[in-house]
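Residue-level structural notes
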Amino acid sequence: SSGINAEYGHDRWDWIVKGDKIKYIYCYRNPKDVCCSYYNHIKRVFVGHYGYSGTISEFFSDIFIKKNASEQGWYWDHVAGWLEQRGNPNILFLTFEDMVDDLKREVLKIVDFLGLECSEEKVDGVVGSSMFDAMSKNPKVNYSWRDGNVKDPNSKFIRKGKVGSWQDELTKEQSDQIDQLTKDLLEIPFDIKIKDTM
């Protein structure tokens, strides 16, 4: 046993329990893909929970882009709050795009950050079970156990696992609006470059 207790969540930095001995791993993603994924989550996957019937354009303007309308807080406030802690040695920052690009490299960052000793075989096992195909078939993470309850059994919780699929769902105007917010609120103060595509 590693003696590590882990908790998973989507909380903002100002909402979570703080402690000198607590380590945090924060993964953020391109806001355009976040918007599309979040829309799918509330419209198609957990339809019995949210009961949302709007279009993606309505979701974009009424929930995603509007401050104080998302259950985990506004995307830009959420990411900025964590990025303000970039000097904190107890936080490891990862991006979804980097994990798609080279999952093993990112898993090794986690191993190093947590001070774990893992064999190559163990690391490869974690990488294998964390790949899109494996996760989409794993009932522990694909929410198939919620089918017919709050989850639409014809929808997929593990949907695409790709970078840049927003291009099929958002308009140029919506993309430009997100780009401007990202430039103003994340790039300029934090020098963060978020990948649009791979």
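Description of the structure in this document. (Residues numbered from 1 in each chain as written. Predicted model: local features only at pLDDT ≥ 70, side-chain atom pairs only at ≥ 80, totals over all residues. Heavy atoms only, no water.)

Now for the overall build of the protein. Helix and strand counts for the protein come out as nine helices and two strands. From first element to last, N terminus to C terminus, the protein shows the α and β order β-α-α-α-α-β-α-α-α-α-α. Taking all contacts inside the protein whose residues are at least 6 apart in sequence as the whole, residues at least 24 apart take part in 65%. Only carbon and sulfur atoms are counted for the fraction: they give 49% of the accessible area of the protein, which is about 12,100 Å². (Helix = DSSP H or I, 4+ residues; strand = E, 2+ residues; numbered from the N terminus. Contact = heavy atoms within 4.5 Å. Areas by Shrake-Rupley, 256 points an atom, 1.4 Å probe, with all protein chains shown as cover.)

Grouped together as the largest cluster of nonpolar side chains are 33 residues, with contacts concentrated most on F59, F64, W76, L170 and L186. Elements that contribute at least two residues to this core include exactly β1 (24-28), α1 (31-45), α3 (56-64), α4 (75-83) and α9 (172-190). Top element by residues in this core is α4. It accounts for six residues. Apart from the residues within four sequence positions on either side, L186 is in contact with Y75, W76, V79, A80, L83, L181, D191, I192 and I194. L103, V107, V111 and V127 belong to the second-largest nonpolar core, a separate cluster that totals five residues. (Core = buried A, V, L, I, M, F, W, Y, C linked by side-chain atoms within 4.5 Å. Buried < 20%, exposed > 50% of the residue type's maximum accessible area, 1.4 Å probe, protein only.)

Another point: helix α6 (residues 103-114). Its twelve residues give α6 an end-to-end C-alpha distance of 17 Å, which sits within 8% of 16 Å, the value for a rise of 1.5 Å per residue. All buried positions along α6 are accounted for by L103, E106, V107, V111 and F113. Down the axis of α6, the buried side of the element spans an arc of 165 degrees, and every buried residue falls inside it. Looking at the buried residues of α6, the elements they touch are β1, β2 (91-95), α5 (96-101) and α7 (120-130). Phi for G115, located one or two positions after α6, is positive at around 65 degrees. (Expected span 1.5 Å × (residues − 1). Arc of directions from axis to C-beta.)

Turning our eyes to something else, we now look at the packing of aromatic side chains. Under the counting rule described, the total for this entry stands at twelve aromatic pairs. Among the aromatic residues, those joined into a ring-pair cluster are W13, Y24, Y26, Y28, W82 and F93. Sitting over the ring of F113, K23 keeps its end group 4.8 Å from the ring centre. Here the basic side chain of K32 rests over the ring of W166, its NZ or CZ set 4.3 Å away from the ring centre. (Phe/Tyr/Trp six-rings, centres within 6.5 Å; stacked < 30°, edge-to-face > 60°. Lys NZ or Arg CZ within 6 Å of the ring centre and 35° of its normal.)

What follows covers the pattern of salt bridges. This structure, assessed with the given rule, holds ten salt bridges. With its nearest N and O atoms 2.8 Å apart, the salt bridge here joins D179 to K32. Remark: K32 occurs in helix α1 and D179 occurs in helix α9; sequence separation between them is 147 residues. Exposure remark for D179: the relative accessible area of 33% places this residue in the partly exposed category. Residue classification places K32 among the buried positions, given a relative accessible area of 1%. The residue K104 makes a salt bridge to E120 at a minimum N-O spacing of 2.4 Å. Of the two residues, K104 is situated in helix α6 and E120 in helix α7; the sequence distance between them amounts to 16 residues. Residue classification places K104 among the partly exposed positions, given a relative accessible area of 25%. Here E120 falls in the exposed class, since its relative accessible area comes to 51%. Put simply, D101, R105, E106 and K109 are held in one network by salt bridges that share partners. (Salt bridge = Lys/Arg side-chain N within 4 Å of Asp/Glu carboxyl O.)

All right, on to the side chain of E106 then. Structurally, E106 is set in helix α6. Classification of E106 as buried rests on a relative accessible area of 1%. Of the polar contacts made by the side chain of E106, one reaches the side chain of R105; its length is 2.6 Å. (Polar contact = N/O pair within 3.5 Å; in protein donor to acceptor, adjacent residues only side chain to side chain.)

A few words on α4. Across the nine residues of α4, eight count as buried, placing the element largely inside the fold. By the burial criterion, the buried members of α4 are Y75, W76, H78, V79, A80, G81, W82 and L83.

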